[in-house]
Amino acid sequence: MPRSTNAVASRARRKKLLKLTKGNFLARANVWTVAKNTYEKGLTYAYRDRKNKKRIFRSLWIQRINAAVRPYGMTYSEFIGKVAKKNIALNRKVLADLAMNHPQAFEAVVKSLK
């Protein structure tokens, strides 16, 4: 007896993936094998960059805090050391937000450390 294949399911599976790669350039959008590779590589990048995003934001917060404490004659390292010593329970994200959007509040934090 000849082997039968489920063409309906195969086509549906391919169409689903081709729909996900819609918007890619040339063969990456409409050639099955190329589109499949593109999609899988995209998932790999997405997984990796969910981790990298945390790294990037932390470095951004550090840069913002450093820039904000410089006018007060302090470096980032000194500032964070004093924050830890005084047991101020503000993380880098909150400190960076204060520095950017609420300079008076950030100034109060800096003055409490001096």
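For the structure itself, consult the block above.
It should be emphasised that the depicted structure is a prediction, and the values quoted were computed from it without experimental measurement.

### Some details on helix H5 (residues 92–101)
Line of reasoning, step 1. Where H5 is concerned, the buried positions are Leu95, Ala96, Leu98 and Ala99. All buried residues of H5 project into a common sector of 160° when viewed along the axis, lining one side.

### A few points about the pattern of salt bridges
Line of reasoning, step 1. Going through the model one piece at a time under the given rule, you end up with two salt bridges.
Line of reasoning, step 2. The residue Asp49 makes a salt bridge to Arg48 at a minimum N-O spacing of 2.9 Å.
Line of reasoning, step 3. Residue class for Asp49 comes out partly exposed when judged on its relative accessible area of 33%.
Line of reasoning, step 4. The exposure class assigned to Arg48 is partly exposed, which follows from its relative accessible area of 42%.
Line of reasoning, step 5. Of the charged contacts, one joins Lys111 and Glu107 as a salt bridge, the two residues approaching to 2.6 Å between their closest N and O atoms. With Lys111 and Glu107 both in helix H6 (residues 103–113), this residue pair falls four residues apart, about one helical turn.

### Section: the environment of Asp49
Line of reasoning, step 1. By secondary structure assignment, the location of Asp49 is in helix H3 (residues 32–69).
Line of reasoning, step 2. Separated by 10 residues in the primary sequence, Asp49 and Ser59 place their C-alpha atoms 15 Å from one another.

### Let's talk about the nonpolar core
Line of reasoning, step 1. In terms of nonpolar packing, the biggest core is built from 16 residues, with Ile65, Val69, Phe79, Leu95, Phe106 and Val110 touching the most fellow members.
Line of reasoning, step 2. Where this core is concerned, the elements lending two or more residues are H3, helix H4 (76–85), H5 and H6.
Line of reasoning, step 3. Other than its neighbours up to four places away in sequence, Phe79 contacts Ile65, Val69, Met74, Leu95, Phe106, Val109, Val110 and Leu113.

### Some remarks on the packing of H5 against H6
Line of reasoning, step 1. Relative to each other, H5 and H6 sit at 125°, their axes nearing to 6 Å. Accordingly, the angle class assigned to the pair H5 and H6 is oblique. Packed against H5, whose contacting residues are Leu95, Leu98, Ala99 and Asn101, the element H6 presents Pro103, Ala105, Phe106 and Val109 at the interface.
Line of reasoning, step 2. Residue composition of the contact of H5 with H6, by class: seven nonpolar, one polar and no charged.

The rules we used
- Residues numbered from 1 in each chain as written.
- Predicted model: local features only at pLDDT ≥ 70, side-chain atom pairs only at ≥ 80, totals over all residues.
- Heavy atoms only, no water.
- Buried < 20%, exposed > 50% of the residue type's maximum accessible area, 1.4 Å probe, protein only.
- Helix = DSSP H or I, 4+ residues; strand = E, 2+ residues; numbered from the N terminus.
- Arc of directions from axis to C-beta.
- Salt bridge = Lys/Arg side-chain N within 4 Å of Asp/Glu carboxyl O.
- Core = buried A, V, L, I, M, F, W, Y, C linked by side-chain atoms within 4.5 Å.
- Contact = heavy atoms within 4.5 Å.
- Axes fitted to C-alpha atoms, helices over the stretch in contact; angles between N-to-C directions.
- Parallel < 35°, antiparallel > 145°, perpendicular 65-115°, else oblique.
- Nonpolar A, V, L, I, M, F, W, Y, C, P; charged D, E, K, R; others polar.

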